[in-house]
Amino acid sequence: MSHSTEKTHRTWPRVLFSSALILLWLVGAGLGGPLFGKIDEVSSNDATAYLPDSAAATEVQKSLGNFLGSDSIPAVVVFSSDAKIDDALKDELAAGLEDATAAEGVKGGSSPVLVSDDGLAAQAFVPIDADAEVGEVTAALSADLRKSVPDGVTVHITGPAGFTADLLAGFSGIDGILLLVALLAVLVILVIVYRSLLLPLIVLCTSMFALCVALLVVWWAAKLGILLLSGQTQGILFILVIGAATDYSLLLVARFREELLTTENRWTAVRAAWKGAFEPILASGGTVIAGLLCLLLSDLKSNSTLGPVAAIGIVFAMLAALTLLPALLGLAGRAAFWPRRPAFEPGLTMQADALQGRGLWPRLARGIRRHPRAIWIPTALVLAVAAAGAVQLDAGGVPQSDLVLGTSEARDGQAVLGEHFPGGSGSPVYVLAEESRLQDVADVLLADDGVDGVSVTASDSPSGSAPITEDGITAFGPPGTPAPEPTVVDGRVLLQGTLTDAADSASAERTVERLRADLNGTDALVGGVTATAVDTNAASIHDRNLIIPVILGVILLILMLLLRAVVAPVLLILTTVLSFGSAMGVAALVFNGVFRFPGADPAVPLFGFVFLVALGIDYNIFLMTRVREESRRHGTREGILRGLSVTGGVITSAGLVLAATFAALSVIPILFLVQIAFIVAFGVLLDTFVVRSLLVPALSYDLGRVIWWPSRLARRDAEQPEASQDAEARNEVSA
């Protein structure tokens, strides 16, 4: 058999196998791609759905349908007038409201129009079908009412339905603008880095195919009720998969390019690159997955459900980088790098020139060799000072009205409502009480300065509820008319308290906390919008305090197993935590002084920690696995410098890509996502350019072989004289 025939005989099976892999991924992407426009069918942004089942607000929410008679979300319609609202104008507003609420998506019409004491505003309550498109129904209701009101009267839709509509509008750009911005940012960076046209498209295809297949699995898991999916989780999934898959791809591409310089056959180069990249990709992905799965310990379902959803995304990011990408690179060969194709250079050894080049990374490596302490000590001090600013971050929660950035009809409506009515109108505090304790519970509510009025659900009253005072339930009609009977379900009644402060304000939250304390011992449960916020914040703080230490412990164990050492993993963990603290300190300065945000959700530090530590440790894994590989050949100190020199370019490119993809989250006008975007993007850049480039290599070089304690590499390294390295360093200093 001739040499060419033998070569062809060996090549065809690889071509067929690679083609089959590509076809398999293509089928998966074809099934998952169409689901991008259908995610709202299986997702929910209802805050109560993500509370623990044991939370009081959760139990109250589950019981509301039994008392209120429908599964609906209340919308508060607020009319404000330049002149006082007389009976004629009130009747006109009521007629327009009756016509508008006859539309599909509204359940049961509206409540009577109630005019404020100053006569300059009126309000009514409209139940919106929870199963309908709340955003569309609310927008149509607002448009119809604006057409019906006379000049001088403005209309706002606020309340729970109004704020839900704002959130849905804010998340509406996830399928389109978020993906477009993220992919364009990645494409630009890859074109600049590789100065190639085909290779960036190959990497982007790998990332998009991974995302499509991950979405296919997540969508059906949410459809079958296995997972909960929200707009917040959806946006993070998109960014995480694109960023992680691209990072893993860059590592394998860098290895592939190295091999092409010393290997003539492209399939041999692919195999060698795969072997070199497999361990760091698997370790990096496994570390991220382990960190994400720690979120399963969360009480808050919005946190616990993110763990498996994001972990599924990382699994497919790894699979795509280790299967689809090698297949594409094998078929493309050197043409993937066109017009800068790497030429085969027989006899070339990459190791020989690792520290001799004129590029940034060889120069930096030589600088670390000369002055390690002059680099790592000032760097650590600056990061520590920045980390001290993290205490200025207000992560105690934000009002619901501030969750959406930019204009908000619901926020404007709430402001108008607060000017003319009690601030909590439209979003009452619900109290589920035993029938026998009805008056006792009502007296507690009436005695609190934060409650403006109290009523009890009564199906036989004209409005569905009846006011209750210290003397009992108020009767309707002329004197002597019997008071309506409260609705009783399973021996319990439902009271509604109108708060004097806006339902999403800190004052309202303090009122709910007081009521719960005062009602202790009555078996009464306090729920509603404000109680949901209180329970959510409490669960978030619990999760943050529990999960952060657990993640640190899990990642430390993984690093010990990967590096077969104790000191190096501890070093990596400490530097990564320092990087996280610095990012949070700078974020606090920017959030408070530049953007003047009203605060942050308690989950922001937790999510920032998960992504920065789990993803930030990736780059240290990429670096230290290569350092360990080089240390076997050249000793620890030389291995550190060679590892930095060889991996510097690819890790920096990966950091830029990940920072750009997370920064794309800021195009979604949701406060939580904008804050996460800044923290992770800035933190990744800080970790890439400062921690991984300066602090870790310089500190590791200063410590020397002790970083591998107690592994055999440390003992073997101890037997290898490093005098030649020290002499070389002294010669460079003398020169």
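Going by the structure above, here's the rest.
Below: a short report on this structure. (Residues numbered from 1 in each chain as written. Predicted model: local features only at pLDDT ≥ 70, side-chain atom pairs only at ≥ 80, totals over all residues. Heavy atoms only, no water.)

**A closer look at helix 3 (residues 87–100)**
Move 1: With 14 residues, helix 3 ought to run about 20 Å at 1.5 Å a step, and its terminal C-alpha atoms sit 20 Å apart, in line with that.
Move 2: Taken as a whole, helix 3 has its buried residues at Leu 89, Leu 93, Gly 96, Leu 97 and Ala 100. Along the axis of helix 3, the buried residues cluster in a sector spanning 100°; they form a single face. Residues of helix 3 that are exposed and angled more than 90 degrees away from the buried face: Asp 87, Ala 88, Asp 91, Glu 98 and Asp 99.
Move 3: Among the structural elements, strand 1 (72–81), strand 3 (121–129), helix 4 (134–148) and strand 4 (153–158) are those in contact with the buried residues of helix 3. (Helix = DSSP H or I, 4+ residues; strand = E, 2+ residues; numbered from the N terminus. Expected span 1.5 Å × (residues − 1). Buried < 20%, exposed > 50% of the residue type's maximum accessible area, 1.4 Å probe, protein only. Arc of directions from axis to C-beta. Contact = heavy atoms within 4.5 Å.)

**Examining the sheet that holds strand 2 (residues 114–115)**
Move 1: The sheet built from 4 strands is open, its strands ordered 2-3-1-4 with antiparallel pairing. The open sheet is flanked by strand 2 and strand 4, the only strands paired with a single partner.
Move 2: Helix 5 (residues 159–171) rests against strand 1, strand 3 and strand 4 of the sheet, and its axis sits at about 100° to strand 1. (Pairing = 2+ DSSP bridges. Axes fitted to C-alpha atoms, helices over the stretch in contact; angles between N-to-C directions.)

**Let's talk about the pairing of strand 5 (residues 429–434)**
When a strand is regular, its side chains alternate between the sheet's two faces.
Move 1: Extensive coverage of strand 5 is indicated by the burial of 5 of its 6 residues.
Move 2: Bridging between strand 5 and strand 10 (residues 525–528) involves 4 bridges; their strand directions are antiparallel. For Tyr 430, the partnering residue across the bridge sits in strand 10 and is Gly 527.

**Focus: the sheet that holds strand 10**
Move 1: What the 6 strands build is an open sheet, ordered 8-7-6-9-5-10; its pairing is antiparallel. Looking at strand neighbours, the two that pair on one side only are strand 8 (472–473) and strand 10, the edges of this open sheet.
Move 2: Bridge count between strand 6 (residues 451–457) and strand 9 (residues 492–499): 5 bridges; the pairing is antiparallel. The residue bridging Gly 453 from the neighbouring strand is Thr 498, located in strand 9.
Move 3: Strands in contact with helix 15 (residues 438–447) are strand 5, strand 6, strand 7 (465–469), strand 8 and strand 9; relative to strand 7, the strand with the most contacts, it is inclined by about 75°.

**Quick word on empty space enclosed by the protein**
Move 1: Within this structure, the stated rule accounts for 3 cavities of 30 Å³ or more.
Move 2: Of the pockets and cavities examined, the largest cavity occupies roughly 70 Å³.
Move 3: The wall of the largest cavity is formed by Thr 158, Gly 159, Phe 163, Gln 400, Gln 414, Leu 417, Gly 423, Gly 424, Ser 425, Ser 427 and Ala 503.
Move 4: For the lining of the largest cavity, the elements supplying multiple residues, two or more each, are helix 5 and helix 14 (409–420).
Move 5: Its residues assigned to classes, the lining of the largest cavity shows 3 nonpolar, 8 polar and no charged.
Move 6: Size it by volume and the second largest cavity reaches roughly 40 Å³.
Move 7: What lines the second largest cavity is simply Phe 163, Asp 166, Leu 167, Gln 400, Ser 401, Leu 403, Val 404, Ser 408 and Arg 411.
Move 8: Ranked by residues supplied to the lining of the second largest cavity, first place goes to helix 5 with 3 residues. (1 Å grid on protein atoms, 1.4 Å probe; cavity = no way out; pocket = protein on both sides within 12 Å on 5 of 7 lines; lining within 4 Å. Points joined across faces, edges and corners; volume = space filled by probe spheres on them. Nonpolar A, V, L, I, M, F, W, Y, C, P; charged D, E, K, R; others polar.)

**So, the pattern of salt bridges**
Move 1: Following the criterion strictly, the structure yields 14 salt bridges and no others.
Move 2: Two residues, Asp 702 and Arg 373, come together in a salt bridge whose shortest N-O distance is 2.8 Å. Of this pair, Asp 702 sits in helix 21 (residues 671–703) while Arg 373 sits in helix 13 (residues 372–388), placing them 329 residues apart in sequence.
Move 3: Residues Glu 630 and Arg 633 are paired through a salt bridge, measuring 3.8 Å at the closest nitrogen-oxygen approach. Of this pair, Glu 630 and Arg 633 both sit in helix 19 (residues 603–634), 3 residues apart, roughly one helical turn. (Salt bridge = Lys/Arg side-chain N within 4 Å of Asp/Glu carboxyl O.)

**Considering the packing of helix 19 against helix 21**
Move 1: One way to put it is that helix 19 packs onto helix 21 with a least axis distance of 9 Å and a crossing angle of 35°. The way helix 19 lies across helix 21 gives a crossing that is right-handed.
Move 2: A breakdown of the residues in the contact of helix 19 with helix 21 according to their chemical character gives 15 nonpolar, 7 polar and 2 charged. (Left-handed = near helix turned anticlockwise from the far one by under 90°.)

**Quick look at the packing of helix 13 against helix 21**
Move 1: It is at 8 Å that the axes of helix 13 and helix 21 come closest, and there the two elements cross at 135°. By the angle between their directions, the pair helix 13 and helix 21 is classed as oblique. In the crossing of helix 13 with helix 21, the sense of the turn from one axis to the other is left-handed. In this structure, helix 13 contributes Pro 372, Arg 373, Ile 375, Trp 376, Thr 379, Ala 380 and Leu 383 to the contact, and helix 21 contributes Leu 686, Val 690, Val 691, Leu 694, Leu 695, Ala 698, Leu 699, Tyr 701 and Asp 702.
Move 2: Its residues assigned to classes, the contact of helix 13 with helix 21 comprises 13 nonpolar, 1 polar and 2 charged. (Parallel < 35°, antiparallel > 145°, perpendicular 65-115°, else oblique.)

**Digging into the packing of aromatic side chains**
Move 1: Evaluated as defined, the whole model comprises 13 aromatic pairs.
Move 2: Arranged with centres 5.2 Å apart and planes meeting at 85°, the rings of Phe 607 and Phe 672 form a pair that is edge-to-face. With a gap of 65 residues between them, Phe 607 in helix 19 and Phe 672 in helix 21 connect regions that are remote in the sequence.
Move 3: With a relative accessible area of 8%, Phe 672 lands in the buried category.
Move 4: Seen from the ring of Tyr 701, Arg 637 lies directly overhead, with NZ or CZ sitting 5.5 Å from the centre. (Phe/Tyr/Trp six-rings, centres within 6.5 Å; stacked < 30°, edge-to-face > 60°. Lys NZ or Arg CZ within 6 Å of the ring centre and 35° of its normal.)

**A word on the state of the cysteines**
Move 1: The full count for this structure, using the stated rule, is 0 disulfides.
Move 2: Left unpaired, Cys 205 is separated from the closest cysteine sulfur, that of Cys 212, by 10 Å.
Move 3: Classification of Cys 205 as partly exposed rests on a relative accessible area of 36%.
Move 4: A residue is classified by how much of its surface remains accessible, and Cys 212, at 8% relative accessible area, is buried. (Disulfide = S-S within 2.5 Å.)

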